[in-house]
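Overview (structure and organization)
What follows is the residue order along each chain.
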Amino acid sequence: VIDTVLRELYGFTTDLLINASKLEILRALNSASEKLTDKDNLVIYYAGHGQLDPDGATGYWLPSDADLNNTQSWISNSAVTGFLDNIPAKQILVVADSCFSGTLTQASIPRTQDTMTDAVRARWLKLMAKRKVRTVLSSGGVKPVYDGTSQHSLFATAFIDQISNNIGVLEGYQLFSAVRQAVQRSAQALGVKQEPQYSAVKHAGHEVGEFLLVSR
């Protein structure tokens, strides 16, 4: 669904990996670093298992061929951020729907104020569009996230709803705010706690900027 929306509503060229191995994921990231330019924007959506190392300092993505007893078969946050720093794309948004995905985040980012006039907001958006952006929207912090739904996770359901119904420019923080509210409502109804996060990616070359999704 997300693949279709990004292509049809936002004009992205997509590369869909299903049950991807570590090598397939790393190859896709490397391909992006070779093909994209500073005229491009990139969205990386990872939905899968996540894990923390024993000391709780580093988060990992677990590809389909991961060995739970061997961290060498996992993909560390540092490996992901290394690719993000090297990919020439102007703006990159990582959407991580996995446990412990909040370990990718770093700090707050600028956002528009509700009191901005249309003219001021237009100037602000033009400024943000020129900046190098590396942000992450994660399904939770440094804890496991709920994954008990039959088709989509709580986070994926909220994310799909927001990007599918957007008209015009959707700022990363606006997307995050709407997704967070929807996830929190759904989680509360199920008696669980889950709070998505949005921030700059650690050590990935992020400048003072904001990721922008522009619908057709």
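In what follows, the accompanying structure is described. What you see is a predicted model; the values in this text were computed from it and never measured.

1. Description of the pattern of salt bridges
A pair can form between side chains of opposite charge whenever their charged atoms are brought close. Enumeration over the complete set of coordinates arrives at two salt bridges. Between Asp3 and Arg7 there is a salt bridge, with the nearest N and O atoms lying 3.1 Å from each other. Taken together, the residues span about one helical turn, with Asp3 and Arg7 both in helix 1 (residues 2–8) at a distance of four residues. Asp3 sits in the buried class, given a relative accessible area of 18%. In this structure, Asp85 engages Lys132 in a salt bridge whose closest nitrogen and oxygen atoms are separated by 3.6 Å. Separated by 47 residues along the polypeptide, Asp85 in helix 3 (residues 77–86) and Lys132 in the loop between helix 4 (118–129) and strand 6 (133–138) bring together distant segments of the chain. Taking the relative accessible area as the measure of exposure, Lys132 reaches 22% and is therefore partly exposed.

2. Observations concerning the pairing of strand 2 (residues 49–52)
Alternating positions in strand 2 separate cleanly, Gly50 and Leu52 being buried on one face and His49 and Gln51 remaining unburied on the opposite face. Relative to strand 3 (residues 59–62), strand 2 runs antiparallel, the two being bridged by four bridges. Following the sheet pairing, His49 is matched in strand 3 by Leu62.

3. Some words on helix 2 (residues 22–35)
Between its terminal C-alpha atoms helix 2 stretches 20 Å, which fits the 20 Å expected from 14 residues at 1.5 Å a residue. Elements in contact with the buried residues of helix 2: strand 1 (41–47), strand 4 (75–76) and helix 3.

4. Observations concerning the nonpolar core
Of all hydrophobic cores here, the largest spans 24 residues; its most connected members are Leu137, Ile163, Leu175 and Leu213. Of all the secondary structure elements, the ones that give two or more residues to this core are helix 1, strand 5 (91–97), strand 6, helix 5 (154–164) and helix 6 (172–190). Leu42, Ile75, Phe83 and Ile92 belong to the second largest nonpolar core, which has 20 residues in total.

5. Thoughts on helix 6
Here helix 6 is 19 residues long and its end C-alpha atoms lie 27 Å apart, about the 27 Å a rise of 1.5 Å per residue gives. Of all the positions in helix 6, only Gly172, Leu175, Phe176, Ser177, Val179, Ala182, Val183 and Ala187 are classed as buried. Packed against the buried residues of helix 6 are strand 6, helix 5, strand 7 (169–171), strand 8 (197–200) and strand 9 (212–214). Immediately beyond the C-terminal end of helix 6, within one or two residues, lies Gly191, with a positive phi of roughly 75°.

6. A closer look at the packing of helix 5 against helix 6
Between helix 5 and helix 6, whose axes approach to 9 Å, the crossing angle comes to 140°. One way to sum up the angle between helix 5 and helix 6 is to call them oblique. As for how helix 5 packs across helix 6, the hand of that crossing is right-handed. Taking contact as the criterion, the partners of Leu154, Phe155, Ala158, Phe159, Gln162 and Ile163 in helix 5 are, on helix 6, Leu175, Ala178, Val179, Ala182, Val183, Ser186, Ala187 and Leu190. Of the residues belonging to the contact of helix 5 with helix 6, the class tally is 12 nonpolar, two polar and no charged.

Calculation notes
Residues numbered from 1 in each chain as written. Predicted model: local features only at pLDDT ≥ 70, side-chain atom pairs only at ≥ 80, totals over all residues. Heavy atoms only, no water. Salt bridge = Lys/Arg side-chain N within 4 Å of Asp/Glu carboxyl O. Helix = DSSP H or I, 4+ residues; strand = E, 2+ residues; numbered from the N terminus. Buried < 20%, exposed > 50% of the residue type's maximum accessible area, 1.4 Å probe, protein only. Pairing = 2+ DSSP bridges. Expected span 1.5 Å × (residues − 1). Contact = heavy atoms within 4.5 Å. Core = buried A, V, L, I, M, F, W, Y, C linked by side-chain atoms within 4.5 Å. Axes fitted to C-alpha atoms, helices over the stretch in contact; angles between N-to-C directions. Parallel < 35°, antiparallel > 145°, perpendicular 65-115°, else oblique. Left-handed = near helix turned anticlockwise from the far one by under 90°. Nonpolar A, V, L, I, M, F, W, Y, C, P; charged D, E, K, R; others polar.

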